[in-house]
Amino acid sequence: MCTLCERRSPPATGPWQARRAFLLAAAGTALAGPALAQVEVGKPSMARTIVPVADIEQAGTQQYSQMLAQARAKGALAGDGNAQLQRLRAIAQRLVPFAAPWNERAREWKWEVNLIGSKQVNAFCLPGGKIAFYTGILDQLKLSEDEVAMVMGHEMAHALREHARARLAKNVGTGAALQIGAAMLGLGQAGDLAARGATQLITLKFSRNDETDADLVGLDLAARAGFDPKASVSLWKKMATASKSQGGLSFLSTHPSGTDRIRILEANLPKVERLYRAAKRG
């Protein structure tokens, strides 16, 4: 298990200087992301405010811990010395410094990255910065480092933009909102939402707008971290090809592919190219 916050010790010069400048410029502005970003996205859904943010993050942490325990019991959880896991953590370490401008709470998240041995072509980031990849997505798609960064940036964006929180709020409706209110007042319902929500977070299907939002925010994050934006297009082309040849991918059950997705990404490549070049110059 890896807590990225405890591992970061950036040097005083080089790429970290640009990252620090970006973070300082955004400090104290919880919704600064859209204002500073090169991509155009709207404000996060107001529906998410129905669900207390601490509850959804607790649910994410609970489900993540359960998932890791199950994988460990089956001998499927990669150890710290695993080369693929080390690669994933190195990529995350480059992306995480750009997360806070999109969500101020990300500064306090205990970011983790883990790898699970499975043929599933899947990856996700639960609320609170809990990232998991399955070996299937790395092995079957033969992802480059830049393509892995696009997957990770996309999943981080779902968490940063609180898509799960908003989707869960819309799914559970007013009844759950009343239960949340009871819990906050100490009326015996504490933990109810977290317990129910935790069963849904990994398999939650986001709307088309959420997917586009995550694509663009992830693109911005990855470009700032020095990953080639064009990899976002090659990634989804690989997804489409693999889906046709394998009769469907688990990743695409919650992240539908299509020509519109690729078209939108291609249209936004020029917007982040400058960020990528600046990051590469360091």
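None of these values were measured; they are calculated from a predicted model.

Analysis parameters
Residues numbered from 1 in each chain as written. Predicted model: local features only at pLDDT ≥ 70, side-chain atom pairs only at ≥ 80, totals over all residues. Heavy atoms only, no water. Helix = DSSP H or I, 4+ residues; strand = E, 2+ residues; numbered from the N terminus. Expected span 1.5 Å × (residues − 1). Polar contact = N/O pair within 3.5 Å; in protein donor to acceptor, adjacent residues only side chain to side chain. pLDDT = per-residue confidence, 0-100. Contact = heavy atoms within 4.5 Å. Axes fitted to C-alpha atoms, helices over the stretch in contact; angles between N-to-C directions. Parallel < 35°, antiparallel > 145°, perpendicular 65-115°, else oblique. Left-handed = near helix turned anticlockwise from the far one by under 90°. Nonpolar A, V, L, I, M, F, W, Y, C, P; charged D, E, K, R; others polar. Pairing = 2+ DSSP bridges.

Participant: Explain helix 5 (residues 83-95) here, please?
Facilitator: Three- or four-residue spacings in an α-helix give side chains the same orientation, since the helix completes a turn every 3.6 residues. With 13 residues, helix 5 ought to run about 18 Å at 1.5 Å a step, and its terminal C-alpha atoms sit 19 Å apart, in line with that. The backbone nitrogen of Gln84 lies 2.9 Å from a side-chain oxygen of the residue at the head of helix 5, namely Asn82.

Participant: In this structure, what is going on with helix 4 (residues 53-73)? I would like to understand it.
Facilitator: End to end, helix 4 covers 30 Å across 21 residues, agreeing with the expected 30 Å (1.5 Å per residue, within 8%). Two residues or fewer past helix 4, Gly75 is found with a positive phi of approximately 70°.

Participant: For this particular structure, what's the right way to read the confidence of the model for the chain?
Facilitator: Low-pLDDT stretches of the model should not have their predicted coordinates read in fine detail. On average, residues of the chain carry a pLDDT of 79, and 70% of them reach 70 or more. The model gives residues 180-199 a pLDDT under 50, and that stretch makes 27 contacts with residues more than four places away or in other chains.

Participant: Would you explain the packing of helix 10 (residues 208-224) against helix 13 (residues 259-281) in this entry?
Facilitator: The relative placement of two packed helices is expressed as an angle between their axes plus a distance between the axes. Running from N to C, helix 10 and helix 13 point in directions that differ by 20°, and their axes come no closer than 8 Å. By the criterion of interaxial angle, the relationship of helix 10 to helix 13 is roughly parallel. In this structure, helix 10 crosses over helix 13, and the sense of that crossing is right-handed. In this structure, helix 10 contributes Glu211, Thr212, Asp215, Leu216, Leu219, Asp220, Ala223 and Arg224 to the contact, and helix 13 contributes Arg261, Ile264, Leu265, Asn268, Leu269, Val272, Leu275, Tyr276 and Ala279. Within the contact of helix 10 with helix 13, the residues separate by chemical class into 10 nonpolar, 2 polar and 5 charged.

Participant: Got a minute to help me understand the sheet that holds strand 3 (residues 130-134) in this structure?
Facilitator: Taking strand neighbours across the sheet as the criterion, the 3 strands line up as 1-3-2 in an open arrangement whose pairing is mixed. With one partner strand each, in any of the chains shown, strand 1 (112-116) and strand 2 (123-126) form the two edges of the open sheet. Adjacent strand axes in the sheet meet at a mean angle of 15° when their direction is disregarded. Of the pairings in the sheet, the one linking strand 1 to strand 3 comprises 5 bridges and is parallel in character. Across the sheet, Ile116 pairs through a bridge with Tyr134, a residue of strand 3. Against the sheet, helix 4 makes contact with strand 1, strand 2 and strand 3, and its axis sits at roughly 35° relative to strand 1, the strand it touches most. Packing against the sheet, helix 5 makes contact with strand 1 and strand 3, and its axis sits at approximately 150° to strand 1.

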